[in-house]
Amino acid sequence: MHPKRIRDAVRFYFITDEKVEGFFPLDQVCLVMAAGATMIQYRNKSFALDRFDEVVSIRRVCKDAGIPFIVNDNVLLAKAVGADGVHVGQDDDAPVLARQVLGPDAIVGVSVSTMAELKRTDLSHCDYIGTGPTFPTDTKTDAKPVGGLAGLREIVHHSPVPVVAIGGIGPENGAACFQCGAAGLAVISCITRVPNPTAAAAALAHVCGVRSSSK
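The rules we used
Residues numbered from 1 in each chain as written. Predicted model: local features only at pLDDT ≥ 70, side-chain atom pairs only at ≥ 80, totals over all residues. Heavy atoms only, no water. Helix = DSSP H or I, 4+ residues; strand = E, 2+ residues; numbered from the N terminus. Rg over C-alpha atoms; globule rule 2.2 N^0.38 Å. Buried < 20%, exposed > 50% of the residue type's maximum accessible area, 1.4 Å probe, protein only. Areas by Shrake-Rupley, 256 points an atom, 1.4 Å probe, with all protein chains shown as cover. Phe/Tyr/Trp six-rings, centres within 6.5 Å; stacked < 30°, edge-to-face > 60°. Core = buried A, V, L, I, M, F, W, Y, C linked by side-chain atoms within 4.5 Å. Contact = heavy atoms within 4.5 Å. Pairing = 2+ DSSP bridges. Axes fitted to C-alpha atoms, helices over the stretch in contact; angles between N-to-C directions. Parallel < 35°, antiparallel > 145°, perpendicular 65-115°, else oblique. Left-handed = near helix turned anticlockwise from the far one by under 90°. Expected span 1.5 Å × (residues − 1). Arc of directions from axis to C-beta.

Asker: Is there a simple way to explain the overall build of the protein chain in this structure?
Answerer: Summing up its helical and strand segments, the protein chain has 10 helices and 8 strands in all. In terms of overall size, the protein chain behaves like a compact globule, its C-alpha atoms giving a radius of gyration of 16 Å where 215 residues would be expected to give roughly 17 Å. Counting every position in the protein chain, which comprises 215 residues, the buried fraction comes to 52%. Carbon and sulfur atoms provide 53% of the accessible area of the protein chain, an area that totals close to 10100 Å².

Right under this line is the structure:
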C-alpha cells in the first residue's frame with residue numbers, strides 16, 4: 001500500500017481487547033468504527049478455533065465499512081478470514097514470510113520498540129511499524145520498557161516507513177505523539193476499559209482529526 005494511504009489508514013488504529021467482561025470485540029469494533037476509527041486489529045493472544053466466527057464477523061463489518069482489518073501475530077488466521085493484513089512482533093513470523101503468505105497487496109506491520117530493534121529488522125516487506133510503549137500501560141503484560149516521547153521521536157526520525165505509537169495512549173496525550181511525527185495512534189484500554197467508551201472513542205477521533213461515520 002502506498003505510504004500516504006498507510007498514513008491515512010493508521011491514523012486512529014484500534015486494537016481489540018478480549019479481556020473485558022461483557023464488552024465483546026465485535027461490539028468494541030462497531031463502537032470505534034462509528035466514532036471514526038480508520039484501522040482495526042484483532043488481537044487475542046489465547047485465540048482458539050471457537051473464536052473463529054468472531055473474527056469472521058469483525059472482518060465482515062470492516063469490509064462493509066471499507067476499513068482495513070488486521071490480525072495480530074497469526075498469519076494463517078489472517079489468510080483464512082481474508083484479512084487485509086497482519087501485524088507481527090519481534091518474536092513472531094518474519095515480515096517476509098507474512099508477505100509470502102498474504103501476497104503483495106497485504107498490509108504488513110511489525111513491532112519495533114528500540115533503535116536496536118529497528119536496525120536489525122528487515123523493513124523491506126513492511127508497510128508500517130508500531131513502536132512503544134510510549135507511555136506506561138497495563139494492557140500488555142509483556143510490554144517493553146517505556147520509550148517516552150523522546151524514544152518515539154527517534155524511531156520516527158530513523159524509520160523509512162510510517163510509525164504508529166502505542167502504549168498508554170489516549171485523548172490526553174495523543175496530540176503529543178503526532179507532534180513527534182507519529183502517523184497514527186494505536187489504542188486499546190483508553191476505550192475498552194473506561195466508564196464511557198463512546199465518549200472516549202469520540203475524544204480520540206477528535207485528536208486524530210477523523211470524522212464519525214455516524215454523522
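Asker: Got a minute to help me understand the packing of aromatic side chains in this structure?
Answerer: Applying the stated criterion to the full structure yields 2 aromatic pairs. Judged by centre distance (5.8 Å) and plane angle (70°), the ring pair of Tyr-13 and Tyr-128 falls under edge-to-face. On the criterion of sequence distance, the pair formed by Tyr-13 in strand 1 (residues 12–15) and Tyr-128 in strand 6 (residues 128–131) is long-range, its members being 115 residues apart. Like Tyr-128, Tyr-13 is buried. Plain terms: the ring middles of Tyr-42 and Phe-47 are 6.4 Å apart, the flat faces sit at 90° to each other, and that makes the pair edge-to-face. By relative accessible area, which is 2% here, Tyr-42 ends up buried. Take Phe-47: its relative accessible area is 22%, and that puts it in the partly exposed class.

Asker: Hey, could you run me through unusual backbone geometry in this one?
Answerer: Negative phi is the rule for most residues except glycine; trans is the rule for most peptide bonds. At the junction of Gly-132 and Pro-133, the peptide bond is cis and its omega measures out at 5° in the coordinates. The residue Pro-133 is located in the loop between strand 6 and helix 7 (148–158) in this model. One non-glycine residue, Asp-73, lies in the positive phi region at around 70°. Inspection of the secondary structure puts Asp-73 in the loop between strand 3 (69–72) and helix 4 (75–81). Judged by its relative accessible area of 19%, Asp-73 falls in the buried class.

Asker: Help me out: how do you make sense of the nonpolar core in this one?
Answerer: The nonpolar side chains of soluble globular proteins are, as a tendency, buried together. Counting residues in hydrophobic clusters, the biggest one holds 57 residues, and the most contacted among them are Phe-12, Val-32, Ile-40, Phe-69, Ile-129, Val-187 and Ile-191. Leave out the neighbours within four places in its chain, and Ile-40 touches Tyr-13, Phe-14, Val-29, Val-32, Met-33, Ile-58, Cys-62, Ile-67, Pro-68, Phe-69 and Ile-70.

Asker: Mind showing me how you'd approach the sheet that holds strand 2 (residues 39–42) here?
Answerer: Where strands meet in a sheet, backbone hydrogen bonds hold them as pairs that are either parallel or antiparallel. Strand order in the closed barrel formed by 8 strands is 1-2-3-4-5-6-7-8, and the pairing between neighbours is parallel. Each strand axis lies, on average, 25° off the axis of its neighbour in the sheet, ignoring direction. One ladder, built from 3 bridges, connects strand 3 with strand 4 (residues 85–88); its direction is parallel. Residue pairing in the sheet places Ile-70 in a bridge with Gly-85 of strand 4. Each of strand 6 and strand 7 (163–166) is contacted by helix 7, which is oriented at about 165° to strand 7, the strand it contacts most.

Asker: Teacher, can you tell me more about the packing of helix 2 (residues 25–35) against helix 10 (residues 197–208) here?
Answerer: The geometry of a pair of packed helices is captured by two quantities: the angle between their axes and the separation between those axes. In the contact formed by helix 2 and helix 10, the axes pass within 8 Å of each other and the chain directions differ by 40°. By the angle between their directions, the pair helix 2 and helix 10 is classed as oblique. The handedness of the crossing between helix 2 and helix 10 is right-handed. Packed against helix 2, whose contacting residues are Leu-31, Val-32 and Ala-35, the element helix 10 presents Pro-197, Thr-198, Ala-201, Ala-202 and Ala-205 at the interface.

Asker: Hey, could you run me through helix 3 (residues 52–65) in this one?
Answerer: Residue pairs spaced three or four apart in an α-helix point in one direction, given the helix's 3.6 residues per turn. For helix 3, which comprises 14 residues, the first-to-last C-alpha distance of 20 Å matches the rise-based estimate of 20 Å (1.5 Å per residue) to within 8%. Taken as a whole, helix 3 has its buried residues at Glu-54, Val-55, Ile-58, Arg-59 and Cys-62. Projected onto a plane normal to the axis of helix 3, the buried residues spread over an arc of 135° and lie on a single side. Exposed and facing more than 90 degrees away from the buried side of helix 3 are Asp-53, Lys-63 and Asp-64. Summarising the contacts, the buried residues of helix 3 are in contact with helix 2, strand 2, strand 3 and helix 4.

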